[in-house]
Structures are given as C-alpha cells and as structure tokens.
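Observations on chain architecture
What follows is each chain in one-letter form.
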Amino acid sequence: RSGVLLQEQTAALRLADNQRATLTEKLHAATPTAQPRVEQGRLLFTNSTTNVTVHGAVQHELYLARFEAPEPQIQVQGGTIQIRDPRFSIFGKGRGRRNGTITLSTAVMWYIELRGGANACSFDLRELTLSAFAVFDGAFRLELHLGQPRGSVPIRIAGGTADTRIRRPADAATQIIIQNGATRLQFDERYADVLVNETCWQTANYAATNDRYDITVQGGASNLRITR
C-alpha cells in the first residue's frame, strides 16, 4: 500500500510540475521611455479571443503577457502589439480553452481592437488612457471597466453582443446607440425589455462636455448593461 501511495503522489507532483511548465511569460524589453518614445499603444487581437483578461499598471515594459500553453503568437513593432491565437483555424474552430492575462503600461494611450469576436473576456481599463475600443464579429460575456475619458472615446461592438457589461465612472458623459434592436437593455436607471428600432440614450451631461464615451452596438444586443 505504501508503494502504491508513493507512486500516486509522485505522479501528482509530476502533473503539477507539468501544469506549471505550461505557463509562459513574455516580456517586451522596449520601454515607453526608450527611443523612439512610444506615446500611442495599439493592442490588436487578430482572430477570435477567448478567456483573456487585460488591465493596466505602472511598469517599465510596454506590456506583460502570461498565457497557458499553447501560448499565442505575439508580434511587437513600435507601439503595436499583435496577438494571434493558434488554436483557431480559418474555419473558426478552436482547440480547447486556456486563460491569458495582459498588463499594459499606463504611460501611453491605448487603442484596443479585437477581430474575430470575443468570448468571456474582461478589460479593466480604469488605470489606462483609452483612445478607442473595438470588437468585430460579435461579443459574448464581455466585461469593460472604463476610467475617465479623455476626449471623445468611441466604443464599438460590431456583429452583436450578449451578456455584456460596461461600467464607467459615475460622472463620465456617455452615449449609447443600439442598431438593429435590443432585448434587456439597461443604461443606468433606464431599462427596456425590447427595443425594435435604433435607439440612442445619453447621460444628462453628454452634450456639455468633450470628454465622453460614444458606445455603438451594431447587429443587436441582448442583456447589455451600462452602469456607473
């Protein structure tokens, strides 16, 4: 019995070591203060994005990324970071699930774009200065936590969205335009079970300021909440 237990514990330890070994961390050595200076960052997911968490932090690196294997392909040129998930083919079929975390430097302004859709992704952008955010080919279970806007910041979701939540500062001027209808739409205290036509809702301070969020959803929305 002792021999069997020893074999089981040894196998468990090896499995744990293998699981830890599948975690890879990629660091970009170029810093925002390097020459040429990076002032505008661009984070681009070139195909379907699943189980990714993005947030900002004060750091020397332009970005830090940590993914479970198989890690995505990451290319960096200047201030542009391109991430491609090798699990997805041109037919849109993925091979399993994995988690990834990306930390962006707060020293630059960021443009974030997701192509091929987004599923179960969380973007905590409160510490970042955002120039624009866009999702193409739909979003499911997307979470956005926004900071104070600087200028007019477009937030675009094309291809429809479901079970999405967008949170913003209480005093952040915001407009939401829903094209192609919506079900279960909440915007602060306003709520509608069904909206058939194009809908435009605004906060009371939207027209009085240039620092604001312009949210557009193309393709319809279901269970979309925009709250303070």
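Read on for a plain summary of the structure. (Residues numbered from 1 in each chain as written. Predicted model: local features only at pLDDT ≥ 70, side-chain atom pairs only at ≥ 80, totals over all residues. Heavy atoms only, no water.)

**Focus: the overall build of the chain**
Helix and strand counts for the chain stand at 1 helix and 20 strands. A burial count over the chain gives 42% of its 228 residues as buried. (Helix = DSSP H or I, 4+ residues; strand = E, 2+ residues; numbered from the N terminus. Buried < 20%, exposed > 50% of the residue type's maximum accessible area, 1.4 Å probe, protein only.)

**Side note on the sheet that holds strand β9 (residues 109-114)**
Pairing is mixed in the open sheet, where 9 strands are placed in the order β6-β7-β2-β9-β11-β13-β19-β15-β18. Edge positions in the open sheet fall to β6 (73-77) and β18 (199-202), since each of these has one partner strand only. Between one strand axis and the next, the sheet turns by 10° as a mean value, whatever way the strands run. (Pairing = 2+ DSSP bridges. Axes fitted to C-alpha atoms, helices over the stretch in contact; angles between N-to-C directions.)

**A look at the pairing of strand β15 (residues 173-178)**
Taken across its 6 residues, β15 has 6 buried, putting it largely inside the fold. By the alternation rule, side chains of β15 split into A173, Q175 and I177 and T174, I176 and I178, which are all buried. One ladder, built from 6 bridges, connects β15 with strand β19 (residues 212-218); its direction is parallel. What sits directly across from I178, in β19, is V217.

**Regarding the nonpolar core**
Of all hydrophobic cores here, the largest spans 49 residues; its most connected members are L104, I112, F123 and F133. Other than its neighbours up to four places away in sequence, L104 contacts L43, V54, H55, G56, A57, Q59, L62, Y63, I81, W110, I112 and L128. (Core = buried A, V, L, I, M, F, W, Y, C linked by side-chain atoms within 4.5 Å. Contact = heavy atoms within 4.5 Å.)

**Digging into the pairing of β9**
Where strand β2 (residues 40-45) lies against β9, 6 bridges are found, and the strand directions are parallel. By the bridge assignment for β9, F45 is matched with L114. By the bridge criterion, 6 bridges tie β9 to strand β11 (residues 129-135) in an arrangement that is parallel. Within β11, the residue paired with I112 across the bridge is F133.

**Here we look at the side chain of T49**
Here T49 lies in strand β3 (residues 49-50). Within polar-contact distance, the side chain of T49 engages the backbone oxygen of N47 at 3.3 Å. When residues no more than four places from it in sequence are discounted, the contact partners of T49 are L114, G117, A118, N119 and C121. (Polar contact = N/O pair within 3.5 Å; in protein donor to acceptor, adjacent residues only side chain to side chain.)

**Notes on the pattern of salt bridges**
If you walk through the whole model with that rule in mind, you get 6 salt bridges. Linking E113 and R115 is a salt bridge whose minimum nitrogen-to-oxygen distance equals 2.5 Å. For R115, a relative accessible area of 34% corresponds to the partly exposed category. When the shortest N-O distance is used, the salt bridge between D188 and R168 registers 2.8 Å. Here D188 is found in the loop between β16 (182-187) and β17 (190-195), whereas its partner R168 is found in the loop between β14 (161-167) and β15, with 20 residues between them in sequence. Of the residues examined, R168 reaches a relative accessible area of 5% and is grouped as buried. Salt bridges here are not isolated pairs; linked through shared partners, they connect R168, D188, E189 and R228. (Salt bridge = Lys/Arg side-chain N within 4 Å of Asp/Glu carboxyl O.)

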